[in-house]
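Results of the structural survey
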Amino acid sequence: MSKVLVTGGTGYIGSHTIIDLINNGFEVVSIDNLTNSNDDVLEGIEKITGVKVTNYRIDLVDLASLLQVFRDHPDIEGIIHFAAYKLVGESVEKPLAYFRNNLLGLINLLTCMETFEVANLIFSSSCSVYGNAEELPVTENTPFQEAESPYARTKQMGEQIIRDFAKVHPDHQAVLLRYFNPAGAHESAIIGEAPSNPASNLVPVITETAIGKRKSMTVFGADYDTRDGSCIRDYIHVMDLANAHTKSLQFLLQKKNATNCEIFNLGIGEGVSVLEAIKAFEKVSGEKLNYEIGPRRPGDVVAIYADKERSERELGWKPERDIDAIMESAWAWERARSGK
Ligand code: WQD
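Residues numbered from 1 in each chain as written. Predicted model: local features only at pLDDT ≥ 70, side-chain atom pairs only at ≥ 80, totals over all residues. Heavy atoms only, no water.

A short note on helix H6 (residues 150-168)
Formally: Helix numbers and strand numbers start at the N terminus; a helix is a DSSP run of H or I with at least 4 residues, a strand a run of E with at least 2. The span expected for a helix works out to 1.5 Å for each residue beyond the first. Partly exposed describes any residue whose relative accessible area lies between the buried limit of under 20% and the exposed limit of over 50%, with all areas from a 1.4 Å probe on protein chains only and scaled to the type maximum. Contacts are residue-level and defined by heavy atoms, with any inter-residue pair within 4.5 Å sufficient.
End to end, H6 covers 27 Å across 19 residues, agreeing with the expected 27 Å (1.5 Å per residue, within 8%). When we look at burial in H6, the residues that qualify are Pro150, Tyr151, Ala152, Thr154, Lys155, Gln156, Gly158, Glu159, Ile162, Phe165 and Ala166. Of the surrounding elements, those touching the buried residues of H6 are helix H4 (88-93), helix H5 (95-116), strand S5 (120-126), strand S6 (173-179) and strand S11 (261-266).

Points about the side chain of histidine 237
Test applied: Polar contact is defined as a pair of N or O atoms within 3.5 Å, subject to the rule that within protein one atom must be able to donate a hydrogen and the other to accept it, and that residues adjacent in sequence are counted only when both atoms are side-chain atoms.
Tracing the backbone shows histidine 237 in strand S10 (residues 235-237). The class for histidine 237 is buried, based on a relative accessible area of 0%. In terms of polar contacts, histidine 237 uses its side chain to reach the side chain of serine 329, at 3.2 Å. Not counting residues within four places of it along the chain, the set of residues in contact with histidine 237 comprises Ala183, Ala185, Glu187, Arg321, Ala325, Ile326 and Ser329.

Quick word on unusual backbone geometry
For the bond running from leucine 136 to proline 137, omega is -5°, close enough to zero to count as cis. The phi angle at leucine 34 is positive, at roughly 60°, despite the residue not being glycine. Although it is not a glycine, glutamate 117 adopts a positive phi angle of roughly 55°. Inspection of the secondary structure assignment puts glutamate 117 in the loop between H5 and S5. Taking relative accessible area as the criterion, glutamate 117 reaches 67% and is therefore assigned exposed.

Quick look at the site of the ligand
Using the following cut-off: Here a residue counts as near a molecule or strand whenever at least one of its heavy atoms sits within 4 Å of it. Here the Shrake-Rupley method, with its probe set to 1.4 Å, supplies the accessible areas, and only the displayed protein chains count as covering residues. All residues other than Ala, Val, Leu, Ile, Met, Phe, Trp, Tyr, Cys, Pro, Asp, Glu, Lys and Arg, Gly among them, are scored as polar; the first ten of these are nonpolar and the last four charged. Note that the domain bounds reflect an automated or database-derived domain assignment.
Neighbouring residues of the ligand: 19 residues in total, closest Leu202, Thr218, Arg233, Arg297 and Asp300. Phenylalanine 220 places a polar main-chain atom, nitrogen or oxygen, 2.9 Å from an oxygen atom of the ligand. Note that an oxygen atom of the ligand is positioned 2.5 Å from one of the side-chain N or O atoms of arginine 233. With the chains in place, 86% of the 690 Å² that the ligand exposes on its own is no longer accessible. Every element with two or more residues in the shell around the ligand is listed here: helix H7 (202-211) and strand S8 (217-220). For the shell around the ligand, the class distribution of residues is nine nonpolar, six polar and four charged. The two domains that each donate at least three residues to the shell around the ligand are domain 1 (3-183 + 234-266) and domain 2 (202-233 + 269-338).

Concerning the UniProt feature "domain: NAD(P)-binding" (unreviewed entry) in the protein chain
Just so we agree on the cut-off: UniProt positions are given in the numbering used here, feature names are shortened, and annotations may be inferred rather than shown by experiment.
Mapped onto the present numbering, the UniProt feature "domain: NAD(P)-binding" (unreviewed entry) falls at residues 5-328. Between the first and last C-alpha atoms of residues 5-328 the distance is 31 Å; the span itself is 40% helix and 17% strand.

A short note on the packing of helix H1 (residues 12-23) against helix H2 (residues 40-49)
The cut-off we apply is this: Lines fitted to C-alpha atoms define the axes here, with helix axes fitted over just the stretch in contact, and angles between the N-to-C directions of these axes take values from 0 to 180 degrees. By the definition adopted for this analysis, an angle is roughly parallel if under 35 degrees, roughly antiparallel if over 145, roughly perpendicular if from 65 to 115, and oblique otherwise. Crossings are classed by handedness, with left-handed meaning an anticlockwise turn of the near helix from the far one by less than a right angle and right-handed meaning a clockwise turn.
Where H1 meets H2, the closest approach of the two axes is 10 Å, and the angle between their N-to-C directions is 30°. Classified by the angle their axes make, H1 and H2 are roughly parallel. The chirality of how H1 crosses H2 is right-handed. Listed contacts from H2 to Ser15, Ile18, Ile19, Ile22 and Asn23 of H1 are Val41, Ile45, Ile48 and Thr49. Considering only residue class, the contact of H1 with H2 consists of six nonpolar, three polar and no charged.

Remarks on the sheet that holds S11
To keep it simple, the criterion reads: Whether two strands pair comes down to DSSP finding at least two bridges between them.
Here we have seven strands laid out as an open sheet, ordered S3-S2-S1-S4-S5-S6-S11, and parallel in their pairing. Looking at the sheet topology across the chains shown, the edges are occupied by strand S3 (54-56) and S11. Within this sheet the neighbouring strands show an average axis-to-axis angle of 20°, counted without direction. Inspection of the sheet shows S5 paired to S6 by seven bridges, in the parallel sense.

Description of the packing of aromatic side chains
Ring pairs (aromatic) are described by centroid distance and by the angle formed between their planes. Formally: Think of it this way: a Phe, Tyr or Trp ring, Trp meaning its six-membered ring, pairs with another when their centres are within 6.5 Å, and the plane angle makes it stacked under 30 degrees, edge-to-face over 60, tilted otherwise. In this scheme, Lys NZ or Arg CZ marks a charge over a ring once it lies within 6 Å of the ring centre and within 35 degrees of the ring normal.
Under the criterion given, the structure shown has six aromatic pairs. The ring of tyrosine 224 carries arginine 296 above its face, with NZ or CZ at 4.0 Å from the centroid.

Points about the environment of isoleucine 122
Looking at the secondary structure, you find isoleucine 122 in strand S5. The spacing of isoleucine 122 and phenylalanine 82 is 40 residues in sequence and 8.7 Å in space, taken between C-alpha atoms. Apart from residues lying up to four places away in sequence, isoleucine 122 is in contact with Ile79, Ile80, His81, Val175, Leu177, His245, Ser248, Leu249 and Leu252.

Things to note about the packing of H7 against helix H11 (residues 323-338)
For the pair H7 and H11, interaxial distance at closest approach is 10 Å and the crossing angle is 50°. Considered as vectors, H7 and H11 are oriented oblique to each other. H7 and H11 meet at a crossing whose hand is right-handed. Across from Val203, Pro204, Ile206, Thr207, Glu208, Ala210 and Ile211 in H7, the residues of H11 making contact are Ile326, Met327, Ala330, Trp331, Glu334, Arg335 and Ser338. Among the residues making up the contact of H7 with H11, the classes are represented as nine nonpolar, two polar and three charged.

What follows is the structure, encoded as structure tokens:
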């Protein structure tokens, strides 16, 4: 059984990925300092899979503690690196915190890979590396535009650091995964996204409004040049996203890839507008959502969605869930965590 180290294992995408890894026969060790998550998640993972996962509560910025994890587990075959700060707005306020945490954490991890000869790395990148892309859908070769935030810049720079590392380490290999808009929850409603209050991403804002945590929500602009005037995004179900990590790990372990640093977009390849997302929620939940049309949110791109041809072809991955499944699972999770 291959052992994999997951950083950020109690976070939103990390925890869902651990479930998919366990279901596919991997042994998992987690590192998470719990700054933006809770170790209840480990109980949820155990409930769902029947497997108890060990979490090291350490900070990736602390190299000495990180080295010790690798000494404890000399048989780690791959690393999936989620742990990072991810709030776009906060990154504008605290750029140094973002650069220190996201880049130093990555550099320390690469140092451990070098020291302990761990060959395989999967890195959480983001479609925000594309900035305001000029062509749609975006492919992995679409050139980067200026990053819209320090958060996005840490992802651009993180990718570059890994590419430079891979150039001088032919025995190491990496996969860079560019996520579009992850949403939804595990179908058991035992784990899901637990956003720091208040949520700012669309799907948790919708479910929080419907459950009554907020009185109403605002659609940020309905006067864009799109089919209904609202912005378009590529929402990907977190369990489909999770499975892409398992497939990426299998891809690396098979060593069939052409280069030692591969990049994949992870989206469903279809754009959904904000108003369509709201309609999907109302349809699957039977709830009437209290929303109003408001002004545009500064920094929003009008439309972005993925070309997923390369990820499907190379990884043998296929996203199976649509916006309805996302809303259904997100709503079940919201009700479960609110006790309603
Ligand atoms: C989606 C759409 C909003 C809230 C961000 C990051 C990106 C990423 C995913 C990171 C937009 C609209 C939202 C609301 C609304 N990855 N909206 N009312 O901005 O596409 O991407 O999260 O971790 O890097 O930038 O996601 O969910 O905030 O917004 O109308 O109350 O919903 O304007 O069109 P976004 P989002």
